[in-house]
Amino acid sequence: MNPVVYGVLFVFLAPVFGGLLAGVDRITSARMQSRVGPPLLQPFYDLGKLLQKDARQVNPIVEPLLLGHVGFMAATGAMLLGGTDLIFVAFVFALAALFLVLAAGSVNSPYSFAGAERELIVLLASEPFFILMLAAICKVSGESSYGGVLNSAVMVAPKLPGVLLAFAFVATIKLRKSPFDISTSHHAHQELVSGLTSDMSGRLLGYVEMAHWYESAILAAFVVLFFNWSVPLGLLAFAVTYGAEVLVDNSTSRAKWQLVLRSTWVVTLLLVGGNVLALFLIK
Amino acid sequence: MGSLVVFLVAFPLLAGGLLLGVRNGNLRNVIVVLAGLVVAGASIATAVTFGNGNAVFFDLPNGLTLGRSLLVVEIVIAAFVVAVGIHYRRILAPILVLGQLAISLYLELGGKTPELEPGRLFWFDRLSMVMILIIGIVGTLICVHSLGYMRGFHRSSPMIKGRRTVFFALLFVFLGAMFGLVTSNYLPLMQVFWEITTLCSFLLIGYTRTKETIGYAFDALNMNMLGGLGFSIAILMLSGQPDGLDLARLTAGPATAALLPALALLCLAGLTKAAQMPFSRWLLGAMYAPSPTSALLHSSTMVKAGVFLLLRLSPAIAGSNLGTLVAFTGMLTFLFVSLVGVTEQNTKKVLAYSTIGSLGLIVGCAGLGSPELIWVGMMIIIFHAVAKGLLFLVVGTIENRFYTKDMENFDALLSRLPKVSVLALIGISGMFIAPFGVVVAKWTAIRAFLDVPGWQGAALLVIMAFGSSLTIFYWGKLLIKVLAMRPMTQHERSIERRVSRFEWLAEITLAVGVVAVAALIGVISERVVGPQALATFKGTSQAFLHVEPAMLVTMIVALLFLPTLALWASRQKRYDMADFYAAGRPVTSAGVMGAALGGVRTVTLRNYYLEGVVNGALVFRAGTVVCGVLLIALLTVGMLAR
């Protein structure tokens, strides 16, 4: 099948995937806290409700920036599955994330602003990893597109153990899980109130949620790249990673941004840098 | 062809001389605009005449020869530098310039200069064409912009004695010298133009003649003169070699061991001009000069001369240890300055760090050398010249309205100066918003690094990944400041009306240029940059020349997205549609909120500068030391090769 079809399918199906994942997440978290939790489809009901509500907008530029956030996030996934060069996708991915920072930063609220700055820091922390990860996958497989890697005879994961391990670490940032959820919080009593979403309500919050679902689906697609010989195995690996993230989320408290930045850089440098170095030296 | 190039060199020099005598402001405006039109027109005419041709070599028209003219110019330069050195009691620059003069005198009067084959004084190829267009168009726009800027500059700094006749004369002399530099094939000829640009930049940086700027001007002079001395010694060494002073033949292929010492010294010259570490300090000092100077030095000329020379040398040094060391000097400079940039609050300095970083990437590409990497280097030159030139001019305009360069004071720029903000956004999007030209270049570079064997490949990838992520942080902070919106008073709204016609003309033209080069990236790649890259390295693979349509569309959308929506938002009736969240305390949209116990506080929002994690001064020093060691290694490797 033409890869462009996969790209288009991503745009429509990724939110379904992301929403279901959020539903499972909430049920699992609830069970960990000895609660029953909401129904599986609750995130979809929530999104529907958010999108129907009027948004209380602080200034005229927030909404278009958030639409840009969702749009570029969807485009990232579409380009990824649609066969665009993987390293190019890494740059678009960062751009998509940046729009959320700009939306929150354009509001003059101290809470939003702090959230925006912290989101910029986590972007700074995680971006080197994603560039190196995709570069390493290209290097190992000798391919440059998503389909190419999946059809490659080389098994990626066995050659990139360090990168895979680092992925589990860095994914915490992208999934906004504790201890790395420094830019957002779902808990009103904490110092950030709700971080960079403080001034987003109604459909604006809905856009943020949708973009996050796309982001989760993109991460799942990245994991599949590692297990390129078997897509189901890749999805299983993503499920295991996600489960671990939920567990970590429920058992740790938020770290300071300094720790997030330092630890992510060190992990990227040691695990990923070391792995890449080995790739170049051992033939 | 020959007469056009000579016109390009001579006309700006004449215009500069004329401007020296023009004290009337209106007359000066007319002359600068007309001369700018002529220079831009002539550079376009040169490019059109050249067309899509292969490299051409030619002499001065009508059988003219250089004779002793180069020596005369050098003596004048040396005498001037010595006089300035004595006046300000600075010893280093005079020593360096006298060293250069001694070598020239020895070669010229001792008859040691080998005869150059007739018809090979100038060398014009697609790289020269790109440079000519950049200097001719971006350079002259900066001159036009200065007409408006300098008026505001002197209004806001009444203490500084205006010497605008000299200022504009220097701008044009600078342009003329640059035209000569990028078309020279005969190394002694190039060196004379090289020294003229050094001298002009010295005078432009020291324009205000305050104690501070004179110090920075001498920094620039010393460092560039050091590179110039390296250039001279290289010429001395090469004069004994057959075809040694013929740049095109010297760099036709991998250099023999006998040539490496001289090439190492030429690389030194290139690295100083391109402000690579350990020579980055002079470019940062240049930020205290008037903004058009910064724009001219940074975007279109001076620093581009350094990377131009290194790109020229690339085929000779690529693959040798010398080339690898040059490449790592550039790439590490990119990494270090990007890290320092994260901690910088002065907007012009942030732009300077970003510039040094971009130049570092080009140096890295030139040192490693391959068709792909030459492509990357030239692409960055083009995009950087247009987008960064625009940004410096815009920051100059903002600075003259707000009397500050501090990023933190650019708060709510979109509300205060909506049109200027839109132009700034085009510049920032052009420089950095993925995935525009510079990003396409970075992406191609990463692709090329994947094929570099051994630990070098891995190291380059890691440097690239961290370096380019760091740039997201400082551009992101600047964008937040620009895009924030709040209601404005009548007075605040009126500020933008005071921006001069000349500034609008230059900035809008450059903004259109940014969009145009983005839209034409495919044509530029296939017609100009690609053939040049393939000719330089005798490559045949065409794959990298092709820009996918999906990428092109994403690029244009990403480039225009922020400026368009900013334009739309700034035209809305109200900038404050609701109060922001302040933990339930009462707020007004101008940023005043109720504090505890009934007090009232104004909200101040400051960006993060990673205090406690990244120490900018320390990183800068570390980079200087590391790259300094590399530089010593580079020169040693060059010398030992003999």
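Criteria and cut-off values
Residues numbered from 1 in each chain as written. Chains lettered and ligands numbered in written order. Predicted model: local features only at pLDDT ≥ 70, side-chain atom pairs only at ≥ 80, totals over all residues. Helix = DSSP H or I, 4+ residues; strand = E, 2+ residues; numbered from the N terminus. Rg over C-alpha atoms; globule rule 2.2 N^0.38 Å. Buried ≥ 20, exposed ≤ 12 C-beta atoms within 10 Å, placed from the backbone. Contact = placed C-beta atoms within 7 Å. Axes fitted to C-alpha atoms, helices over the stretch in contact; angles between N-to-C directions. Parallel < 35°, antiparallel > 145°, perpendicular 65-115°, else oblique. Left-handed = near helix turned anticlockwise from the far one by under 90°. Core = buried A, V, L, I, M, F, W, Y, C linked by C-beta atoms within 7 Å. Pairing = 2+ DSSP bridges. Nonpolar A, V, L, I, M, F, W, Y, C, P; charged D, E, K, R; others polar. Expected span 1.5 Å × (residues − 1). pLDDT = per-residue confidence, 0-100.

Caption draft 1: Structural detail: the overall build of chain A. Along chain A, the regular secondary structure elements total 10 helices and zero strands. The helix and strand sequence of chain A, counted from the amino end, reads α-α-α-α-α-α-α-α-α-α. Its C-alpha radius of gyration of 18 Å places chain A within 12% of the 19 Å reference for a compact globule of 283 residues. Counting the 283 residues in chain A, one finds 60% classified as buried. Restricting to contacts in chain A with at least 6 residues of sequence separation, those with at least 24 account for 75%.

Caption draft 2: A look at the overall build of chain B. Looking only at helices and strands, chain B features 25 helices and five strands. A compact globule built from 642 residues would reach a C-alpha radius of gyration of about 26 Å, and chain B, at 24 Å, matches this within 12%. Taken along its principal axes, the extent of the C-alpha atoms in chain B is 85 × 60 × 45 Å. Buried positions account for 59% of the 642 residues belonging to chain B. In chain B, of all internal contacts separated by at least 6 residues, the share reaching a separation of at least 24 is 84%.

Caption draft 3: Spotlight on the packing of helix H3 (residues 69–87) of chain B against helix H7 (residues 187–205) of chain B. Residues and elements named next belong to chain B. H7 packs onto H3 with a crossing angle of 25° between their chain directions and a minimal axis gap of 10 Å. Judged by the angle between their axes, H3 and H7 are roughly parallel. In this structure, H3 meets H7 at a crossing whose hand is left-handed. Mapping the contact onto sequence places Leu70, Val73, Glu74, Ile77 and Phe80 in H3 and Pro188, Leu189, Val192, Glu195 and Leu199 in H7.

Caption draft 4: Quick look at the nonpolar core. Within the largest apolar cluster, 355 residues are counted, with the highest numbers of intra-cluster contacts made by Leu132(A), Leu134(A), Phe172(B), Leu263(B), Cys267(B), Leu390(B) and Leu461(B). Counting residues per element, this core draws most heavily on helix H5 (residues 110–141) of chain A, which supplies 21 residues. Excluding residues within four positions of it along the chain, Leu132(A) makes contact with Thr268(A), Val272(A), Val276(A), Leu461(B), Val462(B) and Ala465(B).

Caption draft 5: Summary view of the sheet that holds strand S3 (residues 587–588) of chain B. All names here are of chain B. Ordered in space as S3-S4-S5, the three strands form an open sheet in which the pairing is antiparallel. Unpaired on one side and paired on the other, S3 and strand S5 (600–602) mark the two borders of the sheet. When S3 meets strand S4 (residues 592–594), the two strands line up antiparallel, connected through two bridges. Note that in S4 the partner of valine 587 across the bridge is methionine 593.

Caption draft 6: The arrangement of unusual backbone geometry in detail. A cis amide bond links Met277(B) to the next residue, Pro278(B), at an omega of 5°. Following the sequence through the fold, Pro278(B) ends up in the loop between helix H10 (260–273) and helix H11 (281–285). A positive phi angle is found at Arg176(A), which is not glycine, with a value near 55°. Structurally, Arg176(A) can be placed in the loop between helix H7 (161–174) and helix H8 (203–226). At Arg209(B), a position not held by glycine, the phi torsion is positive, near 55°.

Caption draft 7: Up close: the interface of chain A and chain B. Across the contact, 52 residues belong to chain A and 52 residues belong to chain B. At the level of secondary structure, the elements contributing two or more residues to the side of chain A that touches chain B comprise helix H3 (62–81), helix H4 (86–105), H5 and helix H10 (257–281) of chain A. Counting residues per element, the side of chain A that touches chain B draws most heavily on H5(A), at 16 residues. Of the residues that constitute the side of chain A that touches chain B, the class distribution is 35 nonpolar, 11 polar and six charged.

Caption draft 8: Molecular detail of helix H14 (residues 321–341) of chain B. With 21 residues, H14(B) should reach 30 Å at 1.5 Å per residue; the first-to-last C-alpha distance of 30 Å fits that figure. Of all 21 residues that make up H14(B), 20 are buried, and the element is covered over most of its length.

Caption draft 9: Structural view of the confidence of the model for chain B. On average, residues of chain B score 87 in pLDDT, and 98% of them are at 70 or above. Of the two predicted TM-score estimates for the complex, the pTM is 0.94 and the ipTM is 0.93.

Caption draft 10: Inspection of the environment of Val340(B) at higher detail. Among the structural elements, Val340(B) can be located in helix H14. If we ignore the near neighbours within four places in the chain, the residues touching Val340(B) are Tyr353(B), Gly616(B), Val619(B) and Phe620(B).

Caption draft 11: Representation of H8(A) within the structure. Here H8(A) spans 36 Å end to end across 24 residues, near enough to the 34 Å set by a 1.5 Å rise per residue. Within H8(A), 23 of the 24 residues are buried, which leaves the element mostly enclosed by the surrounding structure.

Caption draft 12: Main features of the packing of helix H18 (residues 418–431) of chain B against helix H22 (residues 501–519) of chain B. All names here are of chain B. Between H18 and H22, whose axes approach to 10 Å, the crossing angle comes to 35°. In the crossing of H18 with H22, the sense of the turn from one axis to the other is left-handed. Facing Leu423, Ile426, Gly427 and Gly430 of H18, the residues of H22 in contact are Glu507, Ala511 and Val514. For the contact of H18 with H22, a count of residues per class yields four nonpolar, two polar and one charged.

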